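Results of the structural survey
As a plain string of letters, each chain reads:
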Amino acid sequence: LQGDWSSDVCSSDLLEIPVALYEGLDTRACADIFISINTEQKPVSKSLVFDLYGVSSEYLVDPAALRAKDIATALNDDSTSPYFQLIKFPGSPRMRGGIALSTAVTALKPLVEVKGALEQVGIKELERQTAVLFNLFDAIRQKYESEWSSADNPFIYASGFMGALDFFRNKLIDYCNLRKSFTRETISNVLTLDSGHLILQSEVRGQSGSKSAAMIFDRLVECFHPQTEESRILPGDEQGVPASRPD
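All figures in this text were calculated on a predicted structure; none of them were measured in a lab.

**Let's talk about the pattern of salt bridges**
Within the structure shown, the criterion is met by nine salt bridges. One salt bridge connects Glu125 with Arg128, and the closest N-O pair in it is separated by 3.2 Å. We classify Glu125 as partly exposed; its relative accessible area is 41%. For the salt bridge of Arg141 with Asp138, the shortest nitrogen-to-oxygen distance reads 2.6 Å. Placement of the pair is Arg141 and Asp138 together in helix α5 (residues 126–144), with a separation of three residues, close to one helical turn. Judged by relative accessible area, which is 22%, Arg141 ranks as partly exposed.

**Focus on the nonpolar core**
Core analysis: the biggest nonpolar cluster contains 55 residues, and Tyr83, Phe155, Phe161, Phe168 and Leu172 have the highest contact counts within it. At the level of secondary structure, the elements contributing two or more residues to this core comprise α3 (63–77), α4 (101–112), α5, α6 (158–179) and α8 (209–222). If one sorts the elements of this core by residue count, α6 sits on top with nine residues. Not counting chain neighbours up to four residues away, the residues in contact with Phe155 comprise Tyr83, Ile99, Ile140, Tyr144, Trp148, Gly160, Phe161, Ala164, Ile199, Ile216 and Leu220.

**Notes on the packing of α3 against α4**
In contact at an axis separation of 8 Å, α3 and α4 are set at 115 degrees when each is read in the N-to-C sense. Both α3 and α4 take part in a crossing whose hand is right-handed. Listed contacts from α4 to Ala64, Ala65, Arg67, Ala68, Lys69, Ile71 and Ala72 of α3 are Leu101, Ala104, Val105, Leu108, Lys109 and Val112. Residue composition of the contact of α3 with α4, grouped by class: 10 nonpolar, no polar and three charged.

**What about the side chain of Asn76?**
Checked against the element boundaries, Asn76 lands in helix α3. In this structure, Asn76 is in contact with Tyr83, Phe84, Gln85, Leu86, Ile87 and Phe89, ignoring residues within four places of it in sequence.

**Structural notes on α3**
The end-to-end C-alpha distance of α3 is 21 Å, a good match for the 21 Å that 15 residues give at a rise of 1.5 Å each. Inspection of α3 places Ala64, Ala65, Ala68, Lys69, Ile71, Ala72, Thr73, Leu75 and Asn76 among the buried residues, and these make up the whole buried set. Two or three places before Ala64, at the opening of α3, Asp62 has a side-chain oxygen 3.1 Å from that residue's backbone nitrogen.

**Quick notes on the confidence of the model for the chain**
Caution is warranted with low-pLDDT regions, since their predicted coordinates should not be read in detail. When pLDDT is averaged along the chain, the result is 83, and 78% of the positions lie at 70 or above. Confidence drops under pLDDT 50 across residues 231–239; counting only partners more than four residues distant or on other chains, this segment forms 15 contacts.

Rules used in this analysis
- Residues numbered from 1 in each chain as written.
- Predicted model: local features only at pLDDT ≥ 70, side-chain atom pairs only at ≥ 80, totals over all residues.
- Heavy atoms only, no water.
- Salt bridge = Lys/Arg side-chain N within 4 Å of Asp/Glu carboxyl O.
- Buried < 20%, exposed > 50% of the residue type's maximum accessible area, 1.4 Å probe, protein only.
- Helix = DSSP H or I, 4+ residues; strand = E, 2+ residues; numbered from the N terminus.
- Core = buried A, V, L, I, M, F, W, Y, C linked by side-chain atoms within 4.5 Å.
- Contact = heavy atoms within 4.5 Å.
- Axes fitted to C-alpha atoms, helices over the stretch in contact; angles between N-to-C directions.
- Left-handed = near helix turned anticlockwise from the far one by under 90°.
- Nonpolar A, V, L, I, M, F, W, Y, C, P; charged D, E, K, R; others polar.
- Expected span 1.5 Å × (residues − 1).
- Polar contact = N/O pair within 3.5 Å; in protein donor to acceptor, adjacent residues only side chain to side chain.
- pLDDT = per-residue confidence, 0-100.

The structure is reproduced here in structure tokens:
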């Protein structure tokens, strides 16, 4: 084995590498092993990979994925969050609904990466990004009221989480930026969802993950009715985003 084992990568002079050796195999058996290793080997869960970012070496970490994981963790750990204990980390107990950590990170990354959607409108800090996304989901939760925890609420599943973030990235960000307000009220006021016209999980049941997320995105677009009047922004709150998550 040859390579550049610098001190940044290996802190010990002795590196133990597990190796499997086979002796006396014929060509067919060797080919079978090679094909099996290179076609059937399954990677570990992406959620486990993302969960290890907090303790791994910096050169291995995807900064956008780490930021997305931090936001997912905040949404999961805050008892007032719409997603309190609904982000499924490795080792989490089985639950009805919920969003796998890998799904949450993948959906959040385009918003929080360098030159991503939020950075392009000047929202760069972790706390402010978390506050904006909390406002988005809290505005939707407000529409569902007591039905938020219902099994027929698609937003407690991956499809609704992804669909809502697609809607936010493609429709709401520009609207909120023009009005210089990303508050829950600003978002809630342009969504015509009510108890008689809620988006339901039963509408997308049986569809693939990407298809169901696209269907929820389309339904949110149908409910999107931007207001045209000038917004009133308080001094010092130019973007309607507080330094930390609002109550």
